[in-house]
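Spelled out, the chains give:
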Amino acid sequence: MWAALRCVVMRDLTLAMRRRADVLTTLFFFVIVVSLFPLGVGPEMDTLRLMGPGVVWVAALLASMLSLGRLFSGDYIDGTLEHLVLAPQPLTVLVLGKIAAHWLVSGLPLVLIAPLLGLQYGLSTDALWVLVLSLILGTPVLSLIGAVGAALTLGLRGGGVLVSLLVLPLYIPVLIFGAGAVDAQVTGLGPQAHLSLLGAFLVPALVFAPWAAGWALRISLE
Amino acid sequence: MAVGQINWFKFSSPATFYPLAGKLIPYFTALAVVLTVVGLYLGFFVAPTDYKQGEGYRIIFIHVPAAWMSMLIYIVMAAYAGMGLVFNTRLSSLMASALAPTGALFTFLALWTGALWGKPMWGAWWVWDARLTSELILLFLYIGFMSLKAAIDDPRRAAPASGLLAIIGVINVPIIYKSVEWWNTLHQGATIKSSGTSMETTMLTAMLVMTFAMWMYTVAVVLTRVRCEILEAERDTEWVAAELSKSS
């Protein structure tokens, strides 16, 4: 089972590394969205400092949602997905592997570049650390929840727009507590409560989302 | 099936449920009309004026029942969706999709009347408070459910896919319900608790009557809608052909 998990992760990572442009597109989308806000609302540093955490988080939400289309669609088109569903290993584990690889490719780069963007918004070093920590806890939840949405909309007309409608409402709690953690650090309340809640989202999502996504895949492939 | 044994699943077949629903609709419609008239009369003419909020509070008789119904309908919808997934019964999935538009309507009504109530009391149409936001998410969930259902052409895939989504979304309902206790918000706390109420009796009666009125309205409307859905889903069967030739 662990061999199967490792195999799926390595396969998806190799595939992603062969097509680096896709990975970089998501990352640049994230950077561009974050840089648009100062142009839109004006360059006053005090306003930006207040908005920074929320802006970075909303951009991370949108970026990770945009990359969901690639999670299953490639495998769906070339038929690999049907073989994964038929494989003797539990589908939940295989789906978890795919989600993990997806997060490594599209979630982790966002986490790594976020401090740089936070710096542009004038966040302090402490706040930057909290931002990174909240993203590390939060972006896996986004990938996990998103996988269910991606599996449900597999191969549908206008699936890209539909997946946003399904997934964004479910992303809202993560957004609230992710951005809230950084805000709490900035205002001096301490981010522990928010970070704990983000961790509390991660655990059930880790347990239930791969299973639900596997179920959704079976429905979609029937 | 043995003689004398009740067949619990008799009405889980669309063919037997269709005429039953047709017979029930007039009763529920009548109940809804009577209860609405009584509830609105009690609410607008009998119930006393609130000492703090004046006459403006009277929108509560629409607002609170609508908000309750929006949550209740979502739970019922998810329960039907769950039954559809587990037992693979066609009627359950049809009921779930028939409930969704009414649920969305009540969610919208709760938000709309809340805005009308908020303007004079809080001085703002909308505040980003936990309860309002989670009710808004509920509206998005209803819309997501309906659009996923609409986007999938094959009904055998559409029903379980949207059903799974409905079940995932059920997490939101307790959050709305408890949000006033969990977060410090502008929205007032629950007035009716298990330990008793801080409300005047006529106010409470009017509100409960309005809730039942909306409930009966929901049943009547959903049964009407599910009859249409049954006809559409079963359009290739003989009993539908017989039914349609009988009525035309």
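Residues numbered from 1 in each chain as written. Chains lettered and ligands numbered in written order. Predicted model: local features only at pLDDT ≥ 70, side-chain atom pairs only at ≥ 80, totals over all residues.

## With respect to the overall build of chain B
Just so we agree on the cut-off: Only DSSP runs of H or I with at least four residues qualify as helices, and only runs of E with at least two residues qualify as strands; both kinds are numbered from the N terminus onward. Residue burial is a threshold on neighbouring C-beta atoms within 10 Å of the residue's own C-beta, all placed from the backbone, with 20 or more meaning buried, 12 or fewer meaning exposed, and counts in between meaning partly exposed. In this description, a residue-residue contact is defined by the distance between C-beta atoms placed from the backbone, which must lie within 7 Å.
Scanning chain B from terminus to terminus reveals eight helices and two strands. When each of the 248 residues of chain B is scored for burial, the buried share is 36%. Considering only contacts within chain B whose residues lie at least 6 apart along the sequence, 76% involve residues at least 24 apart.

## Examining the overall build of chain A
What chain A contains, in helices and strands, is nine helices and zero strands. In sequence order, chain A lays out its α and β elements as α-α-α-α-α-α-α-α-α. Seen through its C-alpha atoms, chain A measures out along the principal axes to roughly 55 × 30 × 30 Å. Buried residues in chain A amount to 46% of all 222 residues. A separation of at least 24 residues holds for 79% of the contacts in chain A among residues at least 6 apart in sequence.

## Some remarks on unusual backbone geometry
Residue and element names in this part refer to chain B. Of note in this structure, asparagine 88 is not a glycine but carries a positive phi near 60 degrees. With respect to the element layout, asparagine 88 can be found in the loop between α2 (60–87) and α3 (90–122). The exposure class assigned to asparagine 88 is exposed, which follows from the 12 C-beta atoms found within 10 Å.

## A closer look at the nonpolar core
Our working rule: Put simply, a nonpolar core is buried Ala, Val, Leu, Ile, Met, Phe, Trp, Tyr and Cys residues tied into one set by C-beta atoms within 7 Å.
Counting 130 residues, the largest nonpolar core has Ile145, Ala147, Val148, Ala151 and Ala216 of chain A together with Met77 and Leu164 of chain B as the members making the most contacts within it. Those residues within four positions of valine 148 of chain A in sequence are excluded, and the remaining contacts are Ala209, Ala212, Ala213 and Ala216 of chain A together with Ile168 of chain B.

## Quick look at the confidence of the model for chain B
Residue and element names in this part refer to chain B. As a reminder, the rule being used: One confidence number per residue, pLDDT, is output by the predictor and ranges from 0 to 100.
Residues with a pLDDT of 70 or more make up 89% of chain B, whose mean pLDDT is 84. When pLDDT is averaged over each element of chain B, α2 comes out on top at 91 and strand β2 (residues 196–197) at the bottom at 60. Model confidence for the complex is summarised by a pTM of 0.86, with the ipTM given as 0.83.

## A short note on the interface of chain A and chain B
The line we're drawing: Amino acids outside the nonpolar list (Ala, Val, Leu, Ile, Met, Phe, Trp, Tyr, Cys, Pro) and the charged list (Asp, Glu, Lys, Arg) are all regarded as polar, and Gly is one of them.
Listed as interface residues are 17 residues of chain A and, on the opposing side, 15 residues of chain B. Considering every element that reaches the side of chain A that touches chain B, the biggest residue donor is helix α8 (residues 159–187) of chain A, with six residues. Residues that form the side of chain A that touches chain B fall into these classes: 13 nonpolar, two polar and two charged.

## Description of the packing of helix α1 (residues 2–18) of chain A against helix α6 (residues 91–120) of chain A
Residue and element names in this part refer to chain A. Note the cut-off: Helix axes are fitted only over the stretch in contact, all axes being lines through C-alpha atoms; the angle between N-to-C directions runs from 0 to 180 degrees. For any helix crossing, the convention is left-handed if the near helix is rotated counterclockwise from the far helix by under a right angle, and right-handed if that rotation is clockwise.
The N-to-C vectors of α1 and α6 enclose an angle of 35 degrees; their axes lie 8 Å apart at closest approach. Relative to α6, the crossing made by α1 is right-handed. Seen from α1, the contacting residues are Ala4, Leu5, Val8, Val9, Asp12, Leu13 and Ala16; seen from α6, they are Val93, Leu94, Leu96, Gly97, Lys98, Ala100, Ala101, Leu104 and Val105.

## Let's talk about the packing of helix α3 (residues 45–66) of chain A against α8 of chain A
All names here are of chain A. Stated precisely, the cut-off is as follows: Here is the rule for angles: anything less than 35 degrees is roughly parallel, anything more than 145 is roughly antiparallel, 65 through 115 is roughly perpendicular, and the remaining ranges are oblique.
Between α3 and α8, the shortest axis-to-axis distance is 9 Å and the interhelical angle comes to 150 degrees. Classified by the interaxial angle, the pair formed by α3 and α8 is roughly antiparallel. Considering how the two elements wind past one another, α3 and α8 form a crossing that is right-handed. Residue-level contacts link Pro53, Gly54, Trp57, Val58, Leu61 and Met65 of α3 to Ser164, Val167, Leu168, Tyr171, Leu175, Gly178, Ala179, Val182 and Asp183 of α8. Residues belonging to the contact of α3 with α8 are distributed by class as follows: 11 nonpolar, three polar and one charged.

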